[in-house]
Amino acid sequence: MFDIGFSELLVIAVVALVVLGPERLPKAARFAGLWVRRARNQWDSVKQELERELHAEEIKRQFHDVQASVQDTEAQLRASGEAVRREAEQLRGHARQQGQAVADEAAAPLMTGPVPGSPASMAQHATGQDVNAVDPAVVTHATHDAASPPGIDGSAPRADAPSPPEAPR
(Lines give C-alpha, C1' and ligand atoms only; values in the text may rest on other atoms or scores of the structure.)
Protein backbone atom coordinates (compact mmCIF):
# COMPACT_ATOMS: atom_id res chain seq x y z
CA MET A 1 0.00 0.00 0.00
CA PHE A 2 1.90 2.98 1.30
CA ASP A 3 5.63 2.80 1.49
CA ILE A 4 6.16 3.86 5.08
CA GLY A 5 9.36 2.75 6.75
CA PHE A 6 10.34 2.62 10.41
CA SER A 7 11.97 6.07 10.33
CA GLU A 8 8.76 7.74 9.03
CA LEU A 9 6.70 6.01 11.75
CA LEU A 10 9.15 7.24 14.38
CA VAL A 11 8.83 10.84 13.11
CA ILE A 12 5.00 10.60 13.16
CA ALA A 13 5.08 9.22 16.77
CA VAL A 14 7.35 12.06 17.98
CA VAL A 15 5.14 14.73 16.34
CA ALA A 16 2.00 13.13 17.84
CA LEU A 17 3.64 13.05 21.30
CA VAL A 18 4.59 16.74 21.04
CA VAL A 19 1.20 17.85 19.63
CA LEU A 20 -1.14 15.67 21.74
CA GLY A 21 0.88 15.27 24.86
CA PRO A 22 1.39 12.17 26.98
CA GLU A 23 -2.20 12.20 28.42
CA ARG A 24 -4.12 12.14 25.16
CA LEU A 25 -1.69 10.06 23.08
CA PRO A 26 -2.96 6.57 24.19
CA LYS A 27 -6.56 7.58 23.44
CA ALA A 28 -5.57 8.92 20.03
CA ALA A 29 -3.58 5.76 19.29
CA ARG A 30 -6.63 3.60 20.12
CA PHE A 31 -8.84 5.82 17.98
CA ALA A 32 -6.37 5.66 15.06
CA GLY A 33 -6.14 1.87 15.46
CA LEU A 34 -9.94 1.61 15.39
CA TRP A 35 -10.12 3.61 12.15
CA VAL A 36 -7.31 1.58 10.60
CA ARG A 37 -9.12 -1.64 11.55
CA ARG A 38 -12.38 -0.37 10.08
CA ALA A 39 -10.64 0.67 6.86
CA ARG A 40 -9.00 -2.76 6.56
CA ASN A 41 -12.32 -4.53 7.20
CA GLN A 42 -14.01 -2.36 4.55
CA TRP A 43 -11.24 -3.11 2.09
CA ASP A 44 -11.46 -6.84 2.83
CA SER A 45 -15.27 -6.88 2.40
CA VAL A 46 -14.99 -5.02 -0.94
CA LYS A 47 -12.26 -7.44 -2.02
CA GLN A 48 -14.36 -10.50 -1.02
CA GLU A 49 -17.42 -9.13 -2.81
CA LEU A 50 -15.38 -8.59 -5.99
CA GLU A 51 -14.01 -12.13 -5.76
CA ARG A 52 -17.54 -13.53 -5.28
CA GLU A 53 -18.82 -11.62 -8.31
CA LEU A 54 -15.88 -12.80 -10.40
CA HIS A 55 -16.48 -16.37 -9.22
CA ALA A 56 -20.21 -16.05 -10.02
CA GLU A 57 -19.36 -14.74 -13.49
CA GLU A 58 -16.98 -17.66 -14.01
CA ILE A 59 -19.69 -20.13 -12.94
CA LYS A 60 -22.21 -18.48 -15.30
CA ARG A 61 -19.72 -18.66 -18.18
CA GLN A 62 -19.03 -22.34 -17.44
CA PHE A 63 -22.77 -23.00 -17.21
CA HIS A 64 -23.36 -21.42 -20.62
CA ASP A 65 -20.46 -23.44 -22.07
CA VAL A 66 -21.89 -26.67 -20.65
CA GLN A 67 -25.37 -25.77 -21.86
CA ALA A 68 -24.05 -25.14 -25.38
CA SER A 69 -22.16 -28.45 -25.24
CA VAL A 70 -25.31 -30.27 -24.15
CA GLN A 71 -27.27 -28.70 -27.02
CA ASP A 72 -24.56 -29.73 -29.50
CA THR A 73 -24.57 -33.26 -28.12
CA GLU A 74 -28.36 -33.37 -28.28
CA ALA A 75 -28.29 -32.28 -31.93
CA GLN A 76 -25.67 -34.93 -32.71
CA LEU A 77 -27.76 -37.61 -30.95
CA ARG A 78 -30.85 -36.59 -32.88
CA ALA A 79 -28.93 -36.72 -36.15
CA SER A 80 -27.47 -40.14 -35.35
CA GLY A 81 -30.91 -41.36 -34.26
CA GLU A 82 -32.35 -40.28 -37.59
CA ALA A 83 -29.50 -42.02 -39.40
CA VAL A 84 -30.16 -45.21 -37.43
CA ARG A 85 -33.88 -44.98 -38.24
CA ARG A 86 -33.11 -44.58 -41.95
CA GLU A 87 -30.76 -47.55 -41.86
CA ALA A 88 -33.36 -49.62 -40.02
CA GLU A 89 -35.96 -48.73 -42.65
CA GLN A 90 -33.53 -49.69 -45.39
CA LEU A 91 -32.82 -53.00 -43.64
CA ARG A 92 -36.54 -53.64 -43.22
CA GLY A 93 -37.10 -52.95 -46.93
CA HIS A 94 -34.17 -55.19 -47.85
CA ALA A 95 -35.48 -57.92 -45.53
CA ARG A 96 -38.94 -57.62 -47.10
CA GLN A 97 -37.40 -57.94 -50.56
CA GLN A 98 -35.36 -60.96 -49.48
CA GLY A 99 -38.39 -62.49 -47.80
CA GLN A 100 -40.47 -61.92 -50.90
CA ALA A 101 -37.73 -63.49 -53.04
CA VAL A 102 -37.61 -66.53 -50.76
CA ALA A 103 -41.40 -66.76 -50.81
CA ASP A 104 -41.38 -66.54 -54.61
CA GLU A 105 -38.77 -69.30 -54.77
CA ALA A 106 -40.81 -71.45 -52.39
CA ALA A 107 -43.93 -70.95 -54.53
CA ALA A 108 -42.06 -71.85 -57.74
CA PRO A 109 -42.33 -75.49 -58.80
CA LEU A 110 -39.41 -77.62 -57.75
CA MET A 111 -37.29 -79.28 -60.37
CA THR A 112 -37.66 -83.04 -60.33
CA GLY A 113 -35.16 -85.49 -61.55
CA PRO A 114 -31.43 -85.42 -61.36
CA VAL A 115 -29.51 -82.17 -61.17
CA PRO A 116 -28.16 -81.20 -64.60
CA GLY A 117 -24.53 -82.24 -64.90
CA SER A 118 -24.75 -84.84 -62.11
CA PRO A 119 -23.74 -88.48 -62.72
CA ALA A 120 -27.39 -89.56 -62.62
CA SER A 121 -28.24 -87.01 -65.29
CA MET A 122 -25.32 -88.16 -67.41
CA ALA A 123 -26.41 -91.80 -67.09
CA GLN A 124 -29.96 -90.90 -68.08
CA HIS A 125 -28.70 -89.15 -71.17
CA ALA A 126 -26.42 -92.09 -71.92
CA THR A 127 -29.43 -94.46 -72.11
CA GLY A 128 -31.03 -92.07 -74.56
CA GLN A 129 -34.32 -92.17 -72.69
CA ASP A 130 -36.09 -89.06 -71.36
CA VAL A 131 -38.86 -90.17 -69.08
CA ASN A 132 -40.82 -86.96 -69.46
CA ALA A 133 -40.65 -86.98 -73.28
CA VAL A 134 -41.65 -90.61 -73.91
CA ASP A 135 -45.29 -91.59 -74.35
CA PRO A 136 -46.06 -94.27 -71.72
CA ALA A 137 -48.26 -96.21 -74.16
CA VAL A 138 -45.35 -96.68 -76.61
CA VAL A 139 -42.79 -97.78 -74.05
CA THR A 140 -42.93 -101.55 -73.60
CA HIS A 141 -40.18 -101.89 -71.07
CA ALA A 142 -39.66 -99.83 -67.94
CA THR A 143 -37.15 -97.01 -68.18
CA HIS A 144 -34.77 -96.61 -65.35
CA ASP A 145 -31.73 -94.63 -64.42
CA ALA A 146 -28.56 -96.48 -65.31
CA ALA A 147 -26.78 -95.20 -62.23
CA SER A 148 -29.40 -96.42 -59.76
CA PRO A 149 -29.10 -99.86 -58.19
CA PRO A 150 -31.63 -102.52 -59.18
CA GLY A 151 -34.96 -102.45 -57.42
CA ILE A 152 -35.23 -98.71 -56.85
CA ASP A 153 -37.40 -97.99 -59.86
CA GLY A 154 -39.17 -101.33 -59.76
CA SER A 155 -37.48 -102.76 -62.87
CA ALA A 156 -35.66 -105.55 -61.09
CA PRO A 157 -36.51 -107.35 -57.90
CA ARG A 158 -34.31 -106.51 -54.98
CA ALA A 159 -32.51 -109.45 -53.52
CA ASP A 160 -33.19 -110.12 -49.90
CA ALA A 161 -30.32 -109.11 -47.71
CA PRO A 162 -28.60 -112.03 -46.06
CA SER A 163 -29.51 -112.39 -42.40
CA PRO A 164 -26.69 -111.85 -39.97
CA PRO A 165 -25.08 -114.99 -38.60
CA GLU A 166 -26.46 -116.17 -35.33
CA ALA A 167 -24.31 -115.87 -32.28
CA PRO A 168 -23.06 -119.19 -30.82
CA ARG A 169 -25.01 -120.46 -27.83
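Because the structure is a prediction, the values reported are computed rather than measured.

Novice: Break down the overall build of the protein chain for me, citing the residues and quoting the values.
Specialist: Scanning the protein chain from terminus to terminus reveals two helices and zero strands. Within the protein chain, the fraction of its 169 residues that count as buried is 2%.

Novice: Account for the packing of aromatic side chains, with residues named and values stated.
Specialist: Tallied over the full model, the rule gives one aromatic pair. Here Phe31 and Trp35 contribute two aromatic rings whose centre-to-centre distance is 6.1 Å and whose plane-to-plane angle is 70 degrees, an arrangement assigned as edge-to-face. In this pair, Phe31 and Trp35 are both assigned in helix α1 (residues 6–107), four residues apart and thus about one turn of the helix distant. Overall, Trp35 belongs to the partly exposed group, its relative accessible area being 47%. A cation over an aromatic ring shows up here: Arg38 above the ring of Trp35, its NZ or CZ 5.4 Å from the ring centre.

Novice: So, a nonpolar patch on the surface: which residues are in play, and what are the values?
Specialist: Where nonpolar side chains cluster on the molecular surface, the patch consists of Phe6, Leu10, Val11, Val14, Val15, Val18 and Val19 and spans about 730 Å² of accessible area. Counting through the fold element by element, Phe6 comes out in helix α1.

Novice: Got a sec to walk through the pattern of salt bridges? Specific residues and values, please.
Specialist: One pass over the structure, following the stated rule, counts five salt bridges. Glu58 is paired through a salt bridge with Arg61; the nearest N and O atoms lie 2.5 Å apart. With Glu58 and Arg61 both in helix α1 and three residues apart, this pair spans about one turn of that helix. A salt bridge links Arg61 to Asp65; the nearest nitrogen and oxygen atoms lie 3.2 Å apart. Here Asp65 and Arg61 lie together in helix α1, a separation of four residues that amounts to about one turn. Here the salt bridges share partners, and the residues they tie into one network are Glu58, Arg61 and Asp65.

Novice: Tell me about α1, and name the residues and values.
Specialist: Look at α1: only 112 Å from first C-alpha to last across 102 residues, short of the 152 Å you get at 1.5 Å a residue. At Gly21, α1 shows its largest bend, some 115 degrees, and a proline, Pro22, comes one to four positions later.

The rules we used
Every residue gets a number counted from 1 within its own chain, in the order that chain's sequence is written. Under the rules for a predicted model, residues below a pLDDT of 70 receive no local features and side-chain atom pairs below 80 are neither given nor counted, while totals for whole chains, interfaces and linings still include all residues. Neither water nor hydrogens contribute to the side-chain values; these are computed over all heavy atoms in the structure. Helix and strand labels come from DSSP, where a helix needs a run of H or I of at least four residues and a strand needs a run of E of at least two; each type is numbered from the N terminus. When a residue's accessible area, from a 1.4 Å probe over protein chains only, is under 20% of the maximum for its type it is buried; when over 50% it is exposed; and in between it is partly exposed. Here the aromatic set is Phe, Tyr and Trp, taking the six-membered ring for Trp, and pairing holds for ring centres within 6.5 Å; pairs whose planes are under 30 degrees apart are stacked, those over 60 apart are edge-to-face, and all others are tilted. Here, a charge over a ring is recorded when the distance from Lys NZ or Arg CZ to the ring centre is within 6 Å and its angle to the ring normal is within 35 degrees. In this scheme, patches are assembled from residues that exceed 30% relative accessible area and form no salt bridge. Like charges are connected within 9 Å, while nonpolar side chains (Val, Leu, Ile, Met, Phe, Trp, Tyr) are connected within 5 Å. Here the Shrake-Rupley method, with its probe set to 1.4 Å, supplies the accessible areas, and only the displayed protein chains count as covering residues. Salt bridges are defined as contacts in which a side-chain nitrogen from Lys or Arg sits within 4 Å of a carboxyl oxygen from Asp or Glu. Under the convention used throughout, the expected extent of a helix is 1.5 Å for every residue step, that is, one less than its residue count. We define the bend at any residue as the angle between the axes fitted to the seven residues before and including it, ending there, and the seven starting there.

On their own, these measurements won't tell you what the molecule is for.
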